[in-house]
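# Geometric and topological summary
Listed below, chain by chain, are the residues.
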Amino acid sequence: QVQLVESGGGLVQAGDSLRLSCAASGRTFGSYGMGWFRQAPGKEREFVATISRSVGRTYYADSVKGRFTISRDNTKNTVYLQMNSLKPEDTAVFYCAATPYDSGTKSNTYTYWGQGTQVTVSS
């Protein structure tokens, strides 16, 4: 029963930046690995980035490596996704997710999901 709420999406032009936020409820946020996924119409949900619990180790999909940065602030129960140099192919609904384990690149690893925030990048 973890509640996640994403925010920060919007309509931008190619090359612009956005910062997504994911606010989590509860007092055990630091014990969860966190991830960002995205889903475009007609496509499966795909992995974007993940950050582990204690150390905060990160891993990114090749398509966003060098452009996106995932971070977390456990004192604020919040996970961020800084997105720079956005491309039209980044257009999707972005979801944050939490796992009671460590971290992961597959959606099945995660047990809690937010409702998503729309990111649209025009050319």
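As shown above, the structure is provided for reference.
Predicted model, so just to flag it, every value in this text is computed and none were measured.

Turning our eyes to something else, we now look at the pattern of salt bridges. Here the structure, examined in full by the defined rule, presents 4 salt bridges. Ionic pairing is found between Arg-38 and Glu-46, a salt bridge with its closest N-O pair at 2.7 Å. With a relative accessible area of 36%, Glu-46 lands in the partly exposed category. For the salt bridge of Arg-53 with Asp-102, the shortest nitrogen-to-oxygen distance reads 3.6 Å. Taken together, the positions of Arg-53 in the loop between strand 5 (46–51) and strand 6 (58–60) and Asp-102 in the loop between strand 9 (92–99) and strand 10 (112–113) put the pair 49 residues apart, joining distant regions of the chain. Assessed through its relative accessible area of 28%, Arg-53 is described here as partly exposed.

Phi at Asn-77 takes a positive value of approximately 55°, unusual for a residue other than glycine. On the accessibility criterion, Asn-77 (16% relative accessible area) is buried. Even without being glycine, Ser-85 reaches a positive phi, approximately 50°. With respect to the helices and strands, Ser-85 occurs in the loop between strand 8 (78–83) and strand 9. Owing to a relative accessible area of 41%, Ser-85 belongs among the partly exposed residues under this scheme.

Parameters and conventions
Starting afresh in each chain, residues are numbered from 1 along the sequence in its written order. Given that this is a predicted model, residues contribute local features only at a pLDDT of at least 70 and side-chain atom pairs are listed and counted only at 80 or more, while totals for whole chains, interfaces and linings are drawn from all residues. Water and hydrogen atoms play no part in the side-chain values, which are based on all heavy atoms of the structure. Criterion for a salt bridge: a side-chain nitrogen of Lys or Arg within 4 Å of a carboxyl oxygen of Asp or Glu. Three exposure classes are used, based on accessible area relative to the maximum for each residue type with a 1.4 Å probe and protein chains only: buried under 20%, partly exposed in between, and exposed over 50%. A run of H or I in DSSP becomes a helix once it reaches four residues, and a run of E becomes a strand once it reaches two; helices and strands are each numbered from the N terminus.

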